[in-house]
Amino acid sequence: ACPCALGLATPTAVAVGTGIGAKHNILIKDAATLENTSRLTAIILDKTGTLTGGKPKVTKVIALKNYLEDEIIRLIAVMQKKSNHPISQALMDEAEKRKIDISGETEKFEAVTGQGIKAIMNGKETLVGSERFLSDNGINVSSVNREINTILETGSTLSLIAQNKEIIGVIGVADTIRPSAKKSISALRALGLEVVMMTGDHEKVAKAIAAEI
């Protein structure tokens, strides 16, 4: 007979519920959003840092054009010093592990979100990034198809490095799957949700990660 049950208890329950969610890294925009979750039919999850740990490691380095592996790692690490992407950190870590000196600076540094970076190093135009990024900059990627497939078949993310329009190295970087990923996806499916993984990574890499989880 009293409206207090709705006027006080409901907003209190919402406040407490969203507060508990926040403690578990679940952020809810507002009460209307919380209510709408009861009508969800699908959920889309990002790959890197969500389903995976976000701390990838270098798995393979293929040096071309008479370059050594350490030279390729050094060039890439110097380029990546200004980037905060997880793959950049993996390459920096690899340089540190190999005790490679990465002193030196780049000129005209430019980062293209989700694709790669380019700069001038030692007077040479240097690019590091995806197949598409290099192709869009007029570099023939098909010349290293065999090396690219070698990397992708292991489920590793691909990075290419080129200087003066010529590819000089192919690098594979892989991330580890979060221990909780399989359990979480099973729980979401049990709720009747269709679970989708979305990523800017190569299709072969995406399929390998999807198959594992």
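How each quantity is defined
Residues numbered from 1 in each chain as written. Predicted model: local features only at pLDDT ≥ 70, side-chain atom pairs only at ≥ 80, totals over all residues. Heavy atoms only, no water. Helix = DSSP H or I, 4+ residues; strand = E, 2+ residues; numbered from the N terminus. Rg over C-alpha atoms; globule rule 2.2 N^0.38 Å. Buried < 20%, exposed > 50% of the residue type's maximum accessible area, 1.4 Å probe, protein only. Contact = heavy atoms within 4.5 Å. Areas by Shrake-Rupley, 256 points an atom, 1.4 Å probe, with all protein chains shown as cover. Lys, Arg positive; Asp, Glu negative; His and termini not counted. Charge placed at Lys NZ, Arg CZ, Asp CG, Glu CD. Pairing = 2+ DSSP bridges. Axes fitted to C-alpha atoms, helices over the stretch in contact; angles between N-to-C directions. Salt bridge = Lys/Arg side-chain N within 4 Å of Asp/Glu carboxyl O. Expected span 1.5 Å × (residues − 1).

K.L.:
Any details on the overall build of the chain? Residues and values, ideally.
P.N.:
Helix and strand counts for the chain come out as 9 helices and 8 strands. Taken over C-alpha atoms, the radius of gyration comes to 22 Å for the chain, far larger than the 17 Å a tight globule of 213 residues would show. Each principal axis of the C-alpha distribution contributes one length, and for the chain these read about 85 × 35 × 35 Å. A buried classification covers 34% of the 213 residues belonging to the chain. By sequence separation, contacts in the chain at least 24 residues apart represent 62% of the contacts at least 6 residues apart. Summing over all exposed atoms, the chain offers an accessible surface of approximately 13,000 Å²; the carbon and sulfur share of this is 53%. The averaged location of the 24 negative side-chain charges in the chain is 3 Å from the averaged location of its 26 positive side-chain charges.

K.L.:
Would you mind going over the sheet that holds strand 6 (residues 157-163) in detail, with residue names and values included?
P.N.:
Across the sheet, 6 strands lie side by side as 2-7-6-5-4-3; this open sheet has antiparallel pairing. Edge strands, defined here as strands with exactly one partner in the open sheet, are strand 2 (57-63) and strand 3 (107-112). Each neighbouring strand pair of the sheet contributes to a mean axis angle of 15°, computed without reference to strand direction. In terms of strand pairing, strand 5 (residues 124-129) meets strand 6 through 4 bridges, oriented antiparallel. Its bridge partner being in strand 6, Gly129 is matched across the sheet by Leu160. Running at roughly 100° to strand 4 (residues 116-121), helix 4 (residues 69-80) makes contact with strand 2, strand 3, strand 4, strand 5, strand 6 and strand 7 (166-174) of the sheet.

K.L.:
So, the pairing of strand 4: which residues are in play, and what are the values?
P.N.:
Across the 6 residues that make up strand 4, a large majority, 5, are buried. Relative to strand 4, strand 3 runs antiparallel, the two being bridged by 4 bridges. By the bridge assignment for strand 4, Glu107 is matched with Ile120. Bridge analysis of strand 4 against strand 5 gives 6 bridges, and the strand direction is antiparallel. Its bridge partner lying in strand 5, Lys118 is registered against Leu127.

K.L.:
So, the pattern of salt bridges: which residues are in play, and what are the values?
P.N.:
Evaluated as defined, the whole model comprises 11 salt bridges. A salt bridge links Glu125 to Lys165; the nearest nitrogen and oxygen atoms lie 3.9 Å apart. In this pair, Glu125 sits in strand 5 while Lys165 sits in the loop between strand 6 and strand 7, placing the two residues 40 residues apart along the sequence. With relative accessibility at 44%, the residue Lys165 sits in the partly exposed group. In this structure, Glu203 and Lys207 form a salt bridge, with 3.3 Å as the shortest nitrogen-oxygen distance. Note that Glu203 and Lys207 are positioned in helix 9 (residues 203-212) at a spacing of 4 residues, about one turn of the helix. A single burial state applies to Glu203 and to Lys207, both of which are exposed. Salt bridges linked by common partners bring Glu69, Asp70, Glu94, Lys97 and Arg98 together as one network.

K.L.:
Talk me through helix 1 (residues 4-23); I want residue IDs and the actual numbers.
P.N.:
With 20 residues, helix 1 extends 28 Å between its outermost C-alpha atoms, agreeing within 8% with the 28 Å of an ideal straight helix rising 1.5 Å per residue. Directly beyond the C-terminal end of helix 1, a positive phi value near 65° is found at Asn25.

K.L.:
Run through unusual backbone geometry, naming residues and quoting values.
P.N.:
Backbone geometry at Lys99 places phi at a positive 60°, although glycine is not the residue there. By secondary structure assignment, the location of Lys99 is in the loop between helix 5 (86-97) and strand 3. Here Lys99 falls in the exposed class, since its relative accessible area comes to 77%. Of note, Lys108 is a non-glycine position whose phi angle comes to about 55°, a positive value. Assignment of secondary structure puts Lys108 in strand 3.

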